Structures are given as C-alpha cells and as structure tokens.
Amino acid sequence: MGTSHSREGSDLSDSDDYHSETEDRDEEEEEYEEVHYDAVERQETPQTTSSNRTIDDIDTKLKSLKLKYGDSGQGGGDRRVKLYLHIGGNSPKAKWIVSEKSASYAFVRSSEIGGGGDSDEDEGGSSSAGGNNSLWILRVGAKVRARVSTEMQLKMFADQRRVDFVDSGVWALRFSTDEEFRKFVNEYHDCLFENVYGLKATEESKVKVYGKDFIGWAKPETADDSMWEDAEGGDPAGEEKFSPLRANQDLMEEFEEAANGGVHSLTLGALDNSFLVSDLGVQVYRNNQKGIHGKGICVSFDHRNSGSSLTKSNPKKGMLMRAETNMMLMSPMKEGKPHSTGIRQLDIETGKIVSEWKFEKDGTEITMRDITNDNKASQLDPSESTFLGLDDNRLCQWDMRDKSGIVQDIAKASGSPVLQWSEGHQFSRGTNFQCFASTGDGSIVVGSLDGKIRLYSRRSLRQAKTAFPGLGSPITHVDVTYDGKWVLGTTDTYLILICTLFTDKDGKTKTGFGGRMGNKIPAPRLLKLIPLDSHLAGGNNKFHGGHFSWVTENGRQERHIVATVGKFSVVWDFQQVKNSGHHCYKNQQGLKSCYCYKIVLKDESIVESRFMHDNYAVSNSPEAPLVVATPMKVSSFSLSGSKQQRSRG
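Everything numeric in this text was worked out from a predicted model, so none of it was measured. Numbers given for residues are sequential positions, taken from 1 along each chain in its written order. Where local features are concerned, this predicted model is filtered to residues with pLDDT of at least 70; where side-chain atom pairs are given and counted, the filter is 80 or more; whole-chain, interface and lining totals use all residues. For side-chain calculations, the full set of non-hydrogen atoms in the structure is used, while hydrogens and water are omitted.

### Some remarks on the overall build of the protein chain
Moving on, step 1. What the protein chain contains, in helices and strands, is seven helices and 40 strands.
Moving on, step 2. Exposure categories follow from relative accessible area, calculated using a 1.4 Å probe and restricted to protein chains: below 20% of the type maximum is buried, above 50% is exposed, and the middle band is partly exposed. Burial statistics for the protein chain: of 649 residues in total, 56% are counted as buried.
Moving on, step 3. In the form shown here, the protein chain has an accessible surface area of approximately 27,400 Å², with 44% of it arising from carbon and sulfur atoms. Secondary structure elements follow DSSP: runs of H or I of four or more residues count as helices, runs of E of two or more count as strands, with numbering from the N terminus. Computed by Shrake-Rupley with a 1.4 Å probe, the accessible areas treat only the displayed protein chains as cover when residues are assessed.

Here it is as structure tokens:
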C-alpha cells in the first residue's frame, strides 16, 4: 500500500457565521481545512457526546467543583476556549468543525466530577498525589473529559494559540490570548507530572524525580543543547543539506509476498539471507538491493518426536550467529510472556536443530527474557561463541564453550548442553529490565519498566556508567547507534532520542557508556505522531520496535529511524531530528518534539519494520530498503524521488 507524509496543523480559520454542532451538518459550519490523504480510504467515526445542557449549566457545575487552578480574580476562574472537532477521518471530506464556540474548561480531579455511575475515575486505578486514586482530568464544556496523560498526544501550536489532542476523537482548543494559552500549557504539564509521578509539580519534586544532573529534562530551556550540534557535524541552519529523505521522495513498494501466516518476528541478515520466524517455522528470504524475496524454503518445527526438554511452544525470536550460518531461537514458557529457560540452535545450511541449550547459573535453571549479539557486527563473525542475555533483574554474557574455553561437542553431550555464565550480574533489587541492545564496541543499553535507560560499559555489567531517569513511561524497546552516541527508547506513545555525548574534566568528548556524564547533560528529544495520525492508528495500538537504520562499520552513519504503531510503519529522518534549527522545534514549550515523518500503511497490523543493512543501499538512494512484516505478508520498500507528494509538515 502507499505512503503519506506527516501532517502539521494549519491555522484554524475563523468566520463570522456560527452553527452549533447539533444543527444541520449540511450547512457545514466553520471549516478549518480539507485534508486529503494519499494512502488509503479510511473513514473515522468520532465518538462525540451530545448534551442538552446549556453552557451556563456547565459553568455552574464547574464553579461548584474544587478546581486545582481556580482563578479568584478575573472571571472567578471562568476560562473559555473555542472547541473544534475533526471529522471525516482521512477521507477527501475530512475537516475541522466548531463543536462549541465558547466552551469553559478546567483541570479537575476525577474523584470530584464522578458522581454515581458517571465517573471519570481512571480504570487503571493509578495513584496520584496524597495517596488517593484520583487523577487530573481535562474537562472542556460538555463533550471532553480527557485523563491528562501522554495518551492524549497533546500537540501545541504557540503561534496559533492552539492545542490539539485525542479523546475518543481529535479535538482542538483555541485560546483568545497568548497569556491564556501559556497558562493552559503550564497547567497541563503540572497535571501530567502529578499524574505520572504522584507528586506535586514543585522544584523539589522535579529534583527528586530527575536528579540534579538531569534537571534539564524537566526544564529543557535550561539544558545544554550544544552536543546535539557537535554530534551532528555541521551547521544546524543547513537543514536541507542533512536531510536524506527529501520532501519529493517516497517509499515505493518493490515486493509484497505471502508469509504463510503467523509471523512473530523479522530477523534481517547483512549477507545473503533474511528470515521470518512464524508459526510454521523459519522462512528464508534472499536479500537484494530492492528488498527481500522469498526462496520458497521453510524450516519447520516438529515437537512431537523431538525429545526436547525445553518448552514445546513455537519460537518467537531468532538471533543470527557465526557469519549468519546459525540462528538461536527463543520460545516463551508461557503465552504472552517472553521468558525462556533455553534456546534452540538452528543450522541454517542443513535446516536442522542441532542443539538445545539451557540457561543455568551455579547449577540452577534460570530464565532469560531476551538475547542479543555481543555487538552490532558480531553476527558476521564466523567464530562467535558468546552472546548477551537479559532477564528482569539479570544482565549477563553467555558462552557456548565449556569452562576450559573449548567449543562443546554437541554430539557427545548427554541431554541439553549448558551455556556457561561468562560474566554478568544478578541484581538484588527490582530493576525490571525490559529490553537491551549493543553498540559497535559491545557497550550495552538497557531499558526498564520504570522508564529508566541505563548505559553499561563492555568492561563491566555490574554497575551502569550512566542511568537516564526516563519520563515515566515504560521502555519497551531500545536501540543504539553503532558509535554509541545516540540511544532510542520506545514507549507506548512516543519515542525518546537521547544524546550520550559529554565533555569530561580534561575537555575530551566521550559517551555515557565510558564515563559518568556529570551535570551538562543534553535534554532528550521526542518523536511523536500528530493527534490525528495517532487516532487513525487506533486507540489500542501502541508504538513498538523503534530502530535506527543498520550500519556495522565505523564512519558509516545511521540515516533514518523507523517504528511501528498499528497498521503504520513510521519513518523519521534522523538528521532532521538532530537538527536544532528544524522548523518542528520553533515555538515549542517543553522537550523538543519532532512531528515530521512518513507513513507506510498496511491493511493489517504490522509485526515489525526494519531497514536492511547499509550494504544494500544503492548509490542513488539515501537508504537501504525498508522491510515491513505483518502476520500474513512481508513487503519491501525502496526510496524513490519520482513521485511528488503533498507534505503535512
């Protein structure tokens, strides 16, 4: 299917004519703009709330509440905005309409506006300040009750005095003055902080959450951004020069093939082949400069007569080793949980499982939730015998050789051979590790449930050199550039891009993998969807699997970032995100957020999206092909400059 560009909000037009939303829609009151989409024909059905209450009734109700930000001065706390609703989804008739010309808004406690069966209490029961379960809710007129969270995907347009957000539909608020707009933004950030951390948004609370060294994460305007420009290696004003994905370039589909169903993961090779791990087994694909093409080969799994001591469930993940001649396969013990007690070793050349390895430490069977290669290029090493393992509270390196350093004779082994715990640490406290990745030199980045991102040197897995505090959302996936200068964390609602560079006391530039970064730490940048795209992606769909494009050599640079949400594969220009002069960042308040991207849209939810190895980037293309896997199909996209597209940016 096709691709489309990110959409920025044009100015909301104001007209002298006004009709209420409940009046005849054929008269089509106050239109913001028509938004056309190239990708597919989808129709959004926004959920709106009809009410016969007048605005005065609503005002009376709100004034009777104990509001957090009551204004005893002008208007007695009565603050009004113009409320817009986006209708039509991505159809040619899509547009903004005025829902309420003058709506009163307030931030209120969920416990204060519940009342019987009409409660705004958060279903998750998240705790808030003071030990109670009430959360801050944004209430606008009679139609909007939105829990203040990153799920709102709130986007600010300071030059238009406007914010857009998602709440069972896509809404926009327009403020009459700059002061009212700024006041709303400050209140929103304070309420968000309190809902996330359960603490009032005071200076002391922010220091407690982020630490003094990371106060720039709470106050981005005070953070040192110089490292972003230094790492970029050029003039930040020269944005176009550093943009490999031009506005007139599109991701053109080269191949689409049936994947025989039940695809769980995509394992790309840098050499001849790539692989899909599915319910049927491991399907083999041939790599070429336009993508991957099926070879008609599938290695099937038959557990009935295998005599396996490991779980009988099908593998969910594959990891290539030994010059991509072997693949390690992980199978979860329980459905829906990633933990495994061992791995299967597949010989790709023969198509047979040659061994089943157990995870053990000090004679006791343990589990791992994930495995990865020692470094970005080690899968190309024909003698590779070690790899990294991660569990909730463990980080280690496994060795396929025996204690004497000799490769174990699988044929003579009685039962499953045991992997040797080469080095690592079992943490006593709840680190709640979720995901990890390695750099070109073997340094390791680990993401956690509490949102923290830790950097470990390849020399020690016991103590992190740097621990970033995160922003409160669990990190579900991490990636890192080959040189270790950039870390990408994936959360359900945004990606977080972190610069690890710092200058030590001797004036040398280092990464946070090699030393403690001190207090001159750059603020991170966020990669987000605009509210409309987030809504079209589906309320239950979340970001997953954010990756940089793939290089395995010093001096080669990653050029794009890709992540998946629902049926969308979303691509950002990495150089553009790093560019501090990028137009997305103008007039922003808080952490810089980039909304410029391209979308590849499929007709079913996407399992994984990855760029092929840099070896497969042709000379006239800014990037290697993008491979997109769904449960039933696998597609390859290459960059083309032949098709003109309207930019949403």
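Don't stop here, the text continues.
### Re the sheet that holds strand 27 (residues 477–480)
Moving on, step 1. Paired strands are those between which DSSP finds at least two bridges. On the basis of which strands lie adjacent, the open sheet formed by five strands has the order 27-28-29-32-36 and mixed pairing. With partners counted over all chains shown, the strands left at the sheet margins are strand 27 and strand 36 (593–594), one partner each.
Moving on, step 2. The pairing of strand 28 (residues 486–490) with strand 29 (residues 495–499) spans five bridges and is classified as antiparallel. Its bridge partner being in strand 29, Val487 is matched across the sheet by Ile498.

### Quick look at the pairing of strand 20 (residues 386–391)
Moving on, step 1. Most of strand 20 is tucked away, with six of its six residues classed as buried.
Moving on, step 2. With burial as the criterion, each face of strand 20 is covered, one bearing Thr386, Leu388 and Leu390 and the other bearing Phe387, Gly389 and Asp391.
Moving on, step 3. Bridging between strand 20 and strand 21 (residues 394–399) involves six bridges; their strand directions are antiparallel. Bridge pairing in strand 21 places Gly389 opposite Cys396.

### Comments concerning unusual backbone geometry
A negative phi angle characterises most non-glycine residues, just as the trans form characterises most peptide bonds.
Moving on, step 1. The phi dihedral of Gln153 falls on the positive side, at around 50°, and the residue is not glycine.
Moving on, step 2. As for its placement among the helices and strands, Gln153 is situated in the loop between strand 5 (144–147) and strand 6 (155–157).
Moving on, step 3. With a relative accessible area of 6%, Gln153 lands in the buried category.
Moving on, step 4. In the Ramachandran plot, Ala323 falls in the positive-phi region, its phi being about 55° despite a non-glycine side chain.

### What about the sheet that holds strand 24 (residues 444–448)?
Moving on, step 1. Reading across the sheet, the four strands line up as 23-24-25-26 and stay open at both edges, with antiparallel pairing between neighbours. Edge positions in the sheet fall to strand 23 (433–438) and strand 26 (466–468), since each has one partner strand and no second. Strand-to-strand, the axes of this sheet are offset by a mean angle of 20°, without reference to chain direction.
Moving on, step 2. For strand 24 and strand 25 (residues 453–456), the ladder comprises four bridges, and the chain directions are antiparallel. Counted as the bridge partner of Ile444 is Tyr456 from strand 25. The convention used is that axes are lines fitted to C-alpha atoms, helices contributing only their stretch in contact, and that angles between N-to-C directions extend from 0 to 180 degrees.

### A look at the pattern of salt bridges
Moving on, step 1. One speaks of a salt bridge when a side-chain nitrogen belonging to Lys or Arg is within 4 Å of a carboxyl oxygen belonging to Asp or Glu. Applying the stated criterion across every chain, the model contains 23 salt bridges.
Moving on, step 2. Here Arg401 makes a salt bridge to Asp399, at a shortest N to O gap of 2.9 Å.
Moving on, step 3. Classification of Arg401 by relative accessible area gives partly exposed; the value is 28%.
Moving on, step 4. A salt bridge links Asp603 to Lys633; the nearest nitrogen and oxygen atoms lie 3.8 Å apart. Placement of Asp603 in the loop between strand 37 (598–601) and strand 38 (608–611) and of Lys633 in strand 40 (residues 633–640) is noted, with a sequence separation of 30 residues between them.
Moving on, step 5. When its relative accessible area of 26% is taken as the criterion, Lys633 is described as partly exposed.
Moving on, step 6. Through salt bridges with shared partners, one network takes in Glu253, Glu256, Lys602, Asp603 and Lys633.

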